[in-house]
Amino acid sequence: MQGFMNHKGDFLNLLKQKNYPLKIELPSETRQHGADIEIAHSTTVVAVRYRDGVMIAGDRRATAGTSVIYDRAEKVLQIDRHSVLAISGSPAIAYEIARILEHSFQYFRRSQLQELSLEGKLRMLSRLIRENLPMALQGIGGVIPIFALYDLNAADDKNGGKIFFYDALGAHFENVNFATTGSGSIWIRGVLRYLSRFGDTPLQEMDARQATVTILRLLDTASEYDAATSGYNARAQIFPNVKTVTRTGVEDIADDELEQCYAEAQSDAEG
Amino acid sequence: MRDEPYRWIEAIQDRRDYIEDQLRVGSPVVGLAYDEGMVLLTIGRGQRKIFEVHDRIALSAIGHPADIERLRMLVTDTASVQGFQNATEDVNLHRLTNFVLAHTFKQAFESIVGEAYIIKMLLAELGSTGDKNRFTCINYDGNVRTDTTSTVIGGTEAIETGMQNYLATASTGIDRDLTAALQLGLETWAVGKELSSREPEEAESEETQIDTTQMHEIINVAREDGEVEAGVLETTQRGASKFRLLTSQEIETALP
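On a predicted model such as this, the values are computed, not experimentally measured, just so you know.

Trainee: Can you walk me through the overall build of chain A in this structure?
Mentor: From N to C terminus, chain A includes eight helices and 12 strands. Of all 271 residues assigned to chain A, the portion counted as buried reaches 51%.

Below, the structure written as structure tokens:
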């Protein structure tokens, strides 16, 4: 019966009561000198606010040192019906954070009979990132995610999509129109700022098709300059993960639609 | 007291009488399968009675609200931790019933110096295919009953028998839509409600003798100071979590 009077809906406390190891204990030698191992990381993930909400995308490459170890990694993960986490950094920790987050939101809803508030969701992610700080400081487990969600309580549809950026200590900042993180992000942050401020159609006014074409071009640009970011693999038909977060929920943009958008993006470039 | 078997049996019987007396006036709950899932339905007076336990498991109960809450949290916590430590697909009703709930109920019931749970619980599990749907009822003494297409919990066995008899005559399998399932559920609930208002000896009579007009009247009277509550586990729901409570507009379509 242990733990059944946990009425706060706190999934982390419940896991602790059940002795689930939330932290990885490293040998003291590793703690002092850092790890001499190659950890898979590097990425470009990008989120933009568009007319219906938020579009969020990530490339598919996972690297360790100079080696590509996987080219179908999922870096944009649905957390609940209206929120998505895009991960960059150590995949092992990032996937675990995403999994705990997903289960925490569900547990709160099931135990407390109401959805966790937007603020509550943001704080839960902050707490997970902060708990991971020792791993981040040792240089082997840092995670810098983007959290995007649709706020059903927003005054109007234009303001429903929200994008939050986190630092390694767990502080969160709301990015009004766009966010990008990962090793390739430095190559496109300026482009995003330009598009948002001076584009013919500002990001936030684009429809889904325009936003998809734009986001694919941004990832293409990042992959051009960042060895750890993959582009579109035509031979193997591997596309980036692209999801939308709108009032109706989280949806994947299907590969055949992405293929059409790629053709549009490339034909304009050639023209 | 345990070394005096007769007194122990007597104490258990006293406890059974006490719990059944407490449960007798509880608002029944009906569980029905339909073409796109499973529905749990009751009419309550403000206190929520239908809950999501896990991705494909829902719960309802009659009894003391504090006991319902404690046991709901026990099964929700267990399912949540199991789903996280293994995989959500590893959480199933059989394990929750047999390894967590049934023995907890039995232990509390037979520990005659401790408090017993005043509860009857109904759990529904949406299977990967229709024939794998499961309704499980757990009695306050830990006894378990499993059905695939429909089930009921009511205050006494006689009430449950009357409701089951009505379902057997009115039901034509699971080939019904949600509205038809809600209508059948409400009528079955009305049978249970009527039986719970009778004296115990009358309720045991096999003849329920309630026509449709009377059922509708019972439902309408109950709605004056109560509310129809229905939750579904539906195969058409996007994502892993299949549970949702029906809106009042959806319920409205089935009301008499």
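Trainee: Looking at this structure, I do not really get the environment of Asn98 of chain B. What am I missing?
Mentor: Residues and elements named next belong to chain B. Position of Asn98 among the secondary structure elements: in helix H3 (residues 93–110). Using a relative accessible area of 37% as the deciding quantity, one classes Asn98 as partly exposed. For Asn98 and Gly142, which are 44 residues apart along the polypeptide, the C-alpha to C-alpha distance reads 9.4 Å. Reaching out from Asn98, the side chain makes a polar contact with the backbone oxygen of His94 at a distance of 2.9 Å.

Trainee: Please clarify how the pattern of salt bridges should be interpreted in this entry.
Mentor: Pairs can form between side chains of opposite charge once their charged atoms are near each other. Residue and element names in this part refer to chain B. For the coordinates displayed, the defined rule picks out 27 salt bridges over all chains. The residue Glu115 makes a salt bridge to Arg70 at a minimum N-O spacing of 3.4 Å. Here the residue Glu115 occupies a position in the loop between H3 and strand E5 (119–125), and Arg70 occupies one in helix H2 (residues 65–85), the gap between them amounting to 45 residues. The exposed category is assigned to Glu115, whose relative accessible area is 55%.

Trainee: Hey, could you run me through the packing of H2 of chain B against H3 of chain B in this one?
Mentor: Residues and elements named next belong to chain B. Where H2 contacts H3, the axes come no closer than 11 Å and their chain directions differ by 150 degrees. Classified by the angle their axes make, H2 and H3 are roughly antiparallel. H2 and H3 meet at a crossing whose hand is right-handed. Residues Leu71, Leu74, Val75, Thr78, Ala79 and Gln82 of H2 lie in contact with H3, whose contacting residues are Arg95, Leu96, Val100, Leu101, Thr104 and Phe105. Looking at the contact of H2 with H3 residue by residue, the classes come out as eight nonpolar, three polar and one charged.

Trainee: Any chance you could explain the interface of chain B and chain A here in plain terms?
Mentor: By a frequent convention, interface size equals the accessible area lost on bringing the separate parts together. Every contact between the two is made by 26 residues of chain B and, on the other side, 26 residues of chain A. Together, the buried faces of chain B and chain A total about 2,200 Å²; carbon and sulfur atoms form 57% of this surface. The tally of links from chain B across to chain A stands at four salt bridges. Taking the shortest distance from any N to any O, the salt bridge between Glu52 of chain B and Arg110 of chain A comes out at 3.1 Å. Among the secondary structure elements, those contributing two or more residues to the side of chain B that touches chain A are strand E3 (50–54) and H2 of chain B. With 12 residues, the single largest contributor to the side of chain B that touches chain A is H2 of chain B.

Trainee: I tried to follow a nonpolar patch on the surface on my own but got confused; where do I start?
Mentor: Residue and element names in this part refer to chain A. Side chains of Ile186, Trp187 and Tyr225 sit close together on the surface and give an oily, nonpolar patch of about 370 Å² of accessible area. Within the secondary structure, Trp187 is located in the loop between strand E10 (178–181) and helix H6 (189–198). Of the residues examined, Trp187 reaches a relative accessible area of 40% and is grouped as partly exposed.

Trainee: Would you mind showing me how to read helix H4 (residues 157–170) of chain B here?
Mentor: Helical periodicity: at 3.6 residues per turn, an α-helix aligns residues three or four positions apart in one direction. The terminal C-alpha atoms of H4 of chain B lie 20 Å apart, and with 14 residues this matches the ideal 20 Å at 1.5 Å per residue to within 8%. Listed as buried for H4 of chain B are Ala158, Ile159, Glu160, Gly162, Met163, Tyr166 and Leu167 of chain B.

Trainee: Before we go on, may I ask you to explain the sheet that holds strand E6 (residues 134–138) of chain B in this structure?
Mentor: In a beta sheet, neighbouring strands pair by backbone hydrogen bonds and run either parallel or antiparallel. Residue and element names in this part refer to chain B. Read from one edge to the other, the open sheet built from five strands follows the order E3-E4-E5-E6-E7, with strand pairing classed as antiparallel. A strand with exactly one partner marks an edge of an open sheet, and here the two such strands are E3 and strand E7 (144–147). Shown here is a sheet whose adjacent strand axes are inclined to one another by a mean of 25 degrees, direction ignored. Bridging between E6 and E7 involves four bridges; their strand directions are antiparallel. Counterpart to Cys137 in the pairing with E7 is Arg145.

Trainee: Explanation requested: unusual backbone geometry in the structure shown.
Mentor: Residue and element names in this part refer to chain A. With a phi angle near 60 degrees, Asn19 is a residue other than glycine that sits in the positive phi range. Along the polypeptide, Asn19 turns up in the loop between helix H1 (11–17) and helix H2 (28–33). A positive phi is found at Leu113, a non-glycine position, where the angle reads about 65 degrees. Structurally, Leu113 can be placed in the loop between helix H3 (91–112) and helix H4 (118–131).

Trainee: Sorry, what's going on with the sheet that holds strand E9 (residues 172–175) of chain A here?
Mentor: All names here are of chain A. With respect to topology, five strands assemble into an open sheet ordered E5-E6-E7-E8-E9, the strand pairing being antiparallel. The open sheet is flanked by strand E5 (76–80) and E9, the only strands paired with a single partner. Ignoring strand direction, the axes of neighbouring strands in this sheet form an average angle of 25 degrees. Inspection of the sheet shows strand E7 (residues 146–150) paired to strand E8 (residues 161–166) by five bridges, in the antiparallel sense. By the bridge assignment, Tyr150 is partnered in E8 with Gly161. The strands touched by H3 within the sheet are E5, strand E6 (83–86) and E7, with E5 carrying the most contacts at an inclination of about 20 degrees. Packing of H4 onto the sheet brings it into contact with E5, E6, E7, E8 and E9, and relative to E8 it is tilted by some 20 degrees.

Trainee: Please explain the packing of aromatic side chains as it appears in this structure.
Mentor: Where two aromatic rings form a pair, the distance of their centres and the angle of their planes describe that pair. Applying the stated criterion to the full structure yields 11 aromatic pairs over all chains. On the numbers, 5.1 Å between centres and 25 degrees between planes, the contact of Trp187 of chain A with Tyr225 of chain A is stacked. Taken as a pair, Trp187 of chain A in the loop between E10 and H6 and Tyr225 of chain A in helix H7 (residues 208–225) lie far apart in primary sequence, 38 residues in all. On the basis of relative accessible area, Tyr225 of chain A is assigned to the exposed category, the value being 54%. Through successive ring pairs, a cluster of aromatic residues spans Phe11, Tyr20 and Tyr107 of chain A together with Phe84 of chain B. Of note, Lys121 of chain A hangs over the ring of Phe105 of chain A, and the distance from its end group to the ring centre comes to 5.3 Å. Sitting over the ring of Phe51 of chain B, Arg72 of chain B keeps its end group 4.8 Å from the ring centre.

Trainee: In this structure, what is going on with a negative patch on the surface? I would like to understand it.
Mentor: Residues and elements named next belong to chain B. There is a patch of like negative charges on the surface, built from Glu10, Asp14, Asp17, Glu20, Asp21 and Glu157. In terms of residue count, the dominant contributor to the negative patch is helix H1 (residues 5–23) (five residues). Taking relative accessible area as the criterion, Asp14 reaches 47% and is therefore assigned partly exposed.

Trainee: How should I be thinking about the packing of H3 of chain A against H2 of chain B in this particular structure?
Mentor: When two helices pack together, their arrangement is captured by the angle between the axes and the distance separating the axes. Contact geometry for H3 of chain A and H2 of chain B: axes closest at 11 Å, N-to-C directions at 165 degrees. Judged by the inter-axis angle, H3 of chain A sits roughly antiparallel to H2 of chain B. Two packed elements cross with a definite hand, and for H3 of chain A against H2 of chain B that hand is right-handed. For the pair formed by H3 of chain A and H2 of chain B, the contact residues are Glu96, Arg99, Ile100, His103, Tyr107, Arg110 and Ser111 of chain A on the first element and Arg72, Met73, Thr76, Asp77, Ser80, Gly83 and Phe84 of chain B on the second. The residue makeup of the contact of H3 of chain A with H2 of chain B, split by class, is four nonpolar, five polar and five charged.

Cut-offs applied
- Residues numbered from 1 in each chain as written.
- Chains lettered and ligands numbered in written order.
- Predicted model: local features only at pLDDT ≥ 70, side-chain atom pairs only at ≥ 80, totals over all residues.
- Heavy atoms only, no water.
- Helix = DSSP H or I, 4+ residues; strand = E, 2+ residues; numbered from the N terminus.
- Buried < 20%, exposed > 50% of the residue type's maximum accessible area, 1.4 Å probe, protein only.
- Polar contact = N/O pair within 3.5 Å; in protein donor to acceptor, adjacent residues only side chain to side chain.
- Salt bridge = Lys/Arg side-chain N within 4 Å of Asp/Glu carboxyl O.
- Axes fitted to C-alpha atoms, helices over the stretch in contact; angles between N-to-C directions.
- Parallel < 35°, antiparallel > 145°, perpendicular 65-115°, else oblique.
- Left-handed = near helix turned anticlockwise from the far one by under 90°.
- Contact = heavy atoms within 4.5 Å.
- Nonpolar A, V, L, I, M, F, W, Y, C, P; charged D, E, K, R; others polar.
- Buried area = accessible area lost by both parts, 1.4 Å probe.
- Patch = residues over 30% accessible without salt bridge, like charges linked within 9 Å, V, L, I, M, F, W, Y side chains within 5 Å.
- Areas by Shrake-Rupley, 256 points an atom, 1.4 Å probe, with all protein chains shown as cover.
- Expected span 1.5 Å × (residues − 1).
- Pairing = 2+ DSSP bridges.
- Phe/Tyr/Trp six-rings, centres within 6.5 Å; stacked < 30°, edge-to-face > 60°.
- Lys NZ or Arg CZ within 6 Å of the ring centre and 35° of its normal.
- Lys, Arg positive; Asp, Glu negative; His and termini not counted.
- Charge placed at Lys NZ, Arg CZ, Asp CG, Glu CD.

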